[in-house]
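In case you want the letters, here they are:
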Amino acid sequence: MHHSFCGATSFTAEGITAAWKHEQHTDISSLYDWDGIAIADFEKSLNYDVSLIRNSPGTPKHVEIYGLFYDIDSGELTEVVRDVPAEAA
């Protein structure tokens, strides 16, 4: 689930890794998939996260996975991504 006004939308993967290197004197740029570090687009990020969970060896194949967006102002919860295995549909 992602939400409006998320702090992860206010920076970039480049900015995070550069700040980490500057502050911690360690290069972490090769440790993470850059698509999962910052959120530039909620729908793209939710698709990425759902795919990551679906493809994890620890996720049972029959499990339904949803990507949701919560609007803090309205209290509205919106389904953005639905990954339902064919046998569960």
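Shown above is the structure to which this text applies.
Keep in mind it's a predicted model, so treat the numbers as computed, not measured.

Participant: Teacher, can you tell me more about the sheet that holds strand β1 (residues 2-3) here?
Facilitator: Where strands meet in a sheet, backbone hydrogen bonds hold them as pairs that are either parallel or antiparallel. Taken in spatial order, the three strands line up as β1-β2-β3 in an open sheet, and their pairing is mixed. Every interior strand has two partners, whereas the edge strands, β1 and β3 (77-83), have only one. Contacts from helix α2 (residues 42-54) reach β1, β2 (65-70) and β3, with the element oriented near 150 degrees to β2.

Participant: Would you mind showing me how to read the environment of Ile72 here?
Facilitator: Its location among the elements puts Ile72 in the loop between β2 and β3. Counting along the chain gives 40 residues from Ile72 to Tyr32, while the straight-line C-alpha distance between them is 28 Å. Once residues within four sequence positions are removed from consideration, Ile72 is found in contact with His3, Ser4 and Phe5.

Participant: Explanation requested: unusual backbone geometry in the structure shown.
Facilitator: Phi is mostly negative for residues that are not glycine, and the peptide bonds are mostly trans. Backbone geometry at Phe5 places phi at a positive 60 degrees, although glycine is not the residue there. Classification of Phe5 as exposed rests on a relative accessible area of 62%.

Participant: Where do I start with the pattern of salt bridges in this structure?
Facilitator: Oppositely charged side chains can pair when the atoms bearing their charge come close. This structure, assessed with the given rule, holds two salt bridges. In this structure, the salt-bridge partner of Asp83 is Arg54, at a minimum N-O distance of 3.1 Å. Taken together, the positions of Asp83 in strand β3 and Arg54 in helix α2 put the pair 29 residues apart, joining distant regions of the chain. In this structure Arg54 comes out as buried when scored by relative accessible area, which is 12%. Residue Arg82 pairs with Glu79 through a salt bridge whose shortest N-O separation is 2.8 Å. According to the relative accessible area criterion, Arg82 is exposed, its value standing at 54%. Classification of Glu79 as partly exposed rests on a relative accessible area of 39%.

Reading guide: rules and limits
Residues numbered from 1 in each chain as written. Predicted model: local features only at pLDDT ≥ 70, side-chain atom pairs only at ≥ 80, totals over all residues. Heavy atoms only, no water. Pairing = 2+ DSSP bridges. Helix = DSSP H or I, 4+ residues; strand = E, 2+ residues; numbered from the N terminus. Contact = heavy atoms within 4.5 Å. Axes fitted to C-alpha atoms, helices over the stretch in contact; angles between N-to-C directions. Buried < 20%, exposed > 50% of the residue type's maximum accessible area, 1.4 Å probe, protein only. Salt bridge = Lys/Arg side-chain N within 4 Å of Asp/Glu carboxyl O.

Bear in mind that shape data such as this cannot, by itself, settle questions of function.
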